[in-house]
Amino acid sequence: MKFDIKKLSIEEKVTLLTGKEWWRLDSLDGKLPELEMHDGPHGCRRVIYTMENGKIVSRERFSSTAMPSLAVVANTWNTELARLDGETIADEFVEYGKDVLLGPGVNIKRTPLCGRNFEYFSEDPYLSGTMGRAFIEGAESRGVSACVKHYCANNREYDRDYQSSEVDERTLREIYLTPFELALEGKPGCLMTSYNPINGIYASENEYLMNILRNEFGFGGVVMSDWYGVRESGRAHRAGLDVEMPFRTDAYGQVMRAYEAGELSIETIDAEVTRLVELMEKARESRRNGSVKRTHEQRHEIAREIAEEGIVLLKNEDGILPLKSGKIHVSGSGAKSPAIGGGGSSTIQTDYEIRHLGDEIKDILGDAVTILTEKSIFRTNGKVVAGNRVPYTAYDADTVVLSFGTDATIEFEDADRTSLRLPKSMEDIIVETADVNENVVIVLYSGSAIDVSPWIDRVKALLYIGYGGEGIQEATARVLCGKVSPSGKLAETFPMCLEDTPTGSYRGNGFVDRYTEGVFVGYRYYDSYKKNVRFPFGFGLSYAEFEYSDMTVKKHSETDYTVSFTVTNKSDITAKEVAELYVKDVFSAVSRPEKELKGFAKIELAPGESKRVELKLAERAFAYYSVFQKKWYVENGAFEILVGSSSRDIRLKARVDISLPASEQVTFVVH
Ligand code: BGC
């Protein structure tokens with residue numbers, strides 16, 4: 001740090017700790033460099049607020065590149081693309097002179113009802129943290145500070161400002177803190193606390209969680225509050241919050257009072273000021289040296305590429321896809337304008353003209369197809385306003401492509417869904433269309449899992465596109481027409497119905513949300529309790545076929561291994577496959593999930609090509625968090641190493657026996 005903070009008065013220091021207006025830090029009349037932050041994580045969200053006395057008096061919006069939602073990025077299982085996503089968004093930040101990107105969110109999808117799931121990666125901590133780390137590395141490589149959020153256990157929107165997440169320590173460590181721990185390896189400049197209390201104490205004022213962050217995870221960056229997520233500013237700063245956002249008229253007085261009362265030491269204030277000044281100096285350097293790397297057209301192409309790889313083919317009977325020729329009826333609310341993002345602070349306004357899906361298909365297949373559309377009867381907010389004329393035009397088609405989903409009026413920040421089903425009108429159209437045409441293909445957009453049971457058996461194919469950003473129609477058409485083979489896999493289980501999920505329709509009582517399911521979240525729950533699911537975690541079909549063979553597990557030490565295997569493309573098209581690595585603790589003195597994801601790789605294979613995949617397993621892959629020992633602990637015994645194409649399609653299996661010295665063992669499982 002170049003600036004000497006001794007030059008600042010206590011009044012100036014407290015001014016810095018309490019933010020300026022909506023997006024900025026106070027430069028103290030030019031003594032410090034300017035710094036401006038913006039949302040993230042789906043593009044550079046340029047909404048400019050003018051504030052007077054802590055109140056917003058006007059708002060202006062500008063357009064940017066609308067990238068796919070993080071849920072779609074996760075479905076790519078491609079860390080290179082997550083890195084490219086962060087880098088591309090940051091490039092736009094550089095262009096517009098913005099310094100801090102408020103994202104990514106690495107909260108766990110504990111329930112598919114959470115209204116903000118589209119902003120998060122996965123139900124699995126390893127996948128969430130790994131993709132988060134890559135996104136952060138991408139953003140930071142452009143000199144823009146990423147801000148990982150929301151720390152932590154913010155897993156539903158219902159009553160998020162008040163309801164406490166009551167989580168036992170082992171679950172907190174294994175499920176809810178792990179994604180942050182991994183993401184922090186990407187060295188983000190900032191971290192944002194969540195709105196909710198955790199075990200009764202607000203995240204922004206929670207010393208226990210701040211200690212883990214600073215002392216165990218070694219985070220040296222800036223901790224900021226979520227917007228108006230502080231109750232008492234003196235208490236928050238005492239706990240280690242560096243800056244409260246946005247500016248709030250009471251904040252300055254609360255911090256000053258705590259300082260004058262001796263509750264908040266000058267050492268703590270100086271440490272917080274130092275971290276903020278360092279962040280501001282980094283921003284100044286980046287503004288000086290930063291240069292824009294990509295054009296808007298190039299960013300759009302990247303948005304399209306990520307959307308494409310995030311598309312998951314969930315069903316494909318009789319090889320109906322890829323589309324080849326004939327009369328193709330294309331309609332549904334998403335044919336004209338699919339939801340490209342969910343609602344709330346991550347919404348990106350784009351100037352990009354999104355075309356009808358039928359036109360995109362026509363561009364690819366040309367004279368081989370005649371496109372029939374039924375454009376006039378849908379509104380974009382998910383409700384059908386006119387009578388259902390789809391079956392009428394669909395009757396004469398060889399194939400019917402219907403694009404439906406839940407949009408930002410259903411999935412948005414600040415509220416949760418109450419159902420996993422599509423609006424009834426959409427379900428009706430699908431079934432009535434299937435009554436007159438047996439070749440129905442559904443293109444589905446949503447931010448989280450959908451209960452497809454009323455219609456899935458009536459349709460031939462289902463292509464899940466999530467909220468794919470501004471390139472989604474081109475991406476969807478390319479996959480539908482086989483320009484590229486689908487290679488996304490679900491980062492979140494699609495359950496049979498809401499009642500089958502670990503938390504069902506429970507949402508807490510407004511005061512407390514008990515995490516009674518413990519570590520059994522997502523597939524950890526479905527697998528351990530042997531529940532049927534509609535589409536399992538890690539599942540996704542391809543137009544190609546892959547064979548797994550020749551697994552070897554090389555031991556380096558009791559807890560370090562290299563797992564290798566071969567994947568072969570048995571088809572005559574180039575395609576990508578995600579290979580997944582799970583570990584199962586066969587016997588344990590604590591209840592452990594059936595298996596847990598500990599590694600993955602995305603590989604591209606030409607027709608007939610084989611590639612060797614190598615994945616490492618280290619101590620943490622075998623450990624659980626031992627509450628009494630206050631550490632991660634590996635228990636001796638047998639572990640199964642499972643390699644598969646999805647969590648329920650395990651192709652290769654091996655066994656390792658861990659035998660650490662008896663002096664390090666505390667449990668009494670007999671081996
Ligand atoms: C959201 C944050 C966001 C902030 C600023 C809050 O409501 O929870 O994720 O970064 O607003 O827009």
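Residues numbered from 1 in each chain as written. Predicted model: local features only at pLDDT ≥ 70, side-chain atom pairs only at ≥ 80, totals over all residues. Heavy atoms only, no water.

## With respect to the domain arrangement of the chain
Consideration 1: Domain assignment breaks the chain into domain 1 (5-289), domain 2 (310-502 + 512-535) and domain 3 (546-664).
Consideration 2: Just the C-alpha atoms count here: the centres of domain 1 and domain 2 sit 33 Å apart.
Consideration 3: For the domain 1 and domain 2 pair, buried surface summed over both sides reaches about 4,300 Å², with 50% attributable to carbon and sulfur atoms.
Consideration 4: On the domain 1 side of the interface with domain 2, the three residues burying the most area are Arg110, Leu113 and Glu123, jointly 17% of the side's total.
Consideration 5: When the shortest N-O distance is used, the salt bridge between Glu166 and Arg514 registers 3.1 Å.
Consideration 6: Only strand S3 (55-62), helix H2 (70-76), helix H4 (125-140), strand S6 (164-166) and helix H5 (169-183) provide two or more residues apiece to the side of domain 1 that touches domain 2.
Consideration 7: Of the residues in the side of domain 1 that touches domain 2, the class split is 23 nonpolar, 17 polar and 16 charged. (Domains from an automatic or database assignment. Buried area = accessible area lost by both parts, 1.4 Å probe. Salt bridge = Lys/Arg side-chain N within 4 Å of Asp/Glu carboxyl O. Helix = DSSP H or I, 4+ residues; strand = E, 2+ residues; numbered from the N terminus. Nonpolar A, V, L, I, M, F, W, Y, C, P; charged D, E, K, R; others polar.)

## Some details on the packing of aromatic side chains
Consideration 1: The tally for this structure, following the rule as stated, stands at 24 aromatic pairs.
Consideration 2: These aromatic residues form a ring-pair network of at least three members: Trp77, Tyr126, Tyr523, Phe537, Tyr582 and Phe600.
Consideration 3: The aromatic ring of Trp632 is capped on one face by Arg620, whose charged end is 3.7 Å from the ring centroid. (Phe/Tyr/Trp six-rings, centres within 6.5 Å; stacked < 30°, edge-to-face > 60°. Lys NZ or Arg CZ within 6 Å of the ring centre and 35° of its normal.)

## Thoughts on the packing of helix H12 (residues 357-365) against helix H15 (residues 472-480)
Consideration 1: At a minimum axis separation of 9 Å, H12 and H15 run at an interaxial angle of 50°. As summarised for this structure, H12 and H15 are arranged oblique, according to the angle between their axes. Regarding H12 and H15, the two cross each other, and that crossing is right-handed. In this structure, H12 contributes Leu357, Glu360, Ile361 and Ile364 to the contact, and H15 contributes Gln473, Glu474, Thr476, Ala477, Arg478 and Leu480.
Consideration 2: Each residue belonging to the contact of H12 with H15 can be placed in one class, and the counts come to 5 nonpolar, 2 polar and 3 charged. (Axes fitted to C-alpha atoms, helices over the stretch in contact; angles between N-to-C directions. Parallel < 35°, antiparallel > 145°, perpendicular 65-115°, else oblique. Left-handed = near helix turned anticlockwise from the far one by under 90°. Contact = heavy atoms within 4.5 Å.)

## Let's talk about unusual backbone geometry
Comment: phi is negative for the bulk of residues other than glycine, and the bulk of peptide bonds are trans.
Consideration 1: Along the chain, Lys149 connects to His150 via a cis peptide bond; the corresponding omega equals -10°.
Consideration 2: Among the secondary structure elements, His150 is positioned in strand S5 (residues 145-151).
Consideration 3: The amide bond that connects Met245 to the next residue, Pro246, takes the cis arrangement and shows omega of -10°.
Consideration 4: By the secondary structure assignment, Pro246 is in the loop between helix H7 (233-239) and helix H8 (251-260).
Consideration 5: You will see that Lys530, though not glycine, has its phi angle at about 50°, which is positive.

## Examining the sheet that holds strand S23 (residues 596-605)
Consideration 1: Taken in spatial order, the 4 strands of this open sheet run S23-S22-S27-S28, and their pairing is antiparallel. The strands lining the two open edges of the sheet, one partner per strand, are S23 and strand S28 (649-658). Strand-to-strand twist across the sheet, computed as the mean angle between neighbouring axes with direction ignored, equals 20°.
Consideration 2: With 6 bridges joining them, strand S22 (residues 575-585) and strand S27 (residues 637-646) adopt antiparallel strand pairing. Of the residues in S27, the one forming a bridge with Asp585 is Phe639. (Pairing = 2+ DSSP bridges.)

## Here we look at the site of the ligand
Consideration 1: Close contacts around the ligand come from 13 residues, with Asp39, Arg116, His150, Asp226 and Glu413 the closest.
Consideration 2: Contacts to the ligand include Glu413, whose side-chain N or O atom sits 2.8 Å from an oxygen atom.
Consideration 3: For the ligand, whose accessible area on its own is 310 Å², the fraction buried by protein is 93%.
Consideration 4: Of the residues in the shell around the ligand, the class split is 5 nonpolar, 2 polar and 6 charged. (Near = heavy atom within 4 Å. Polar contact = N/O pair within 3.5 Å; in protein donor to acceptor, adjacent residues only side chain to side chain. Areas by Shrake-Rupley, 256 points an atom, 1.4 Å probe, with all protein chains shown as cover.)

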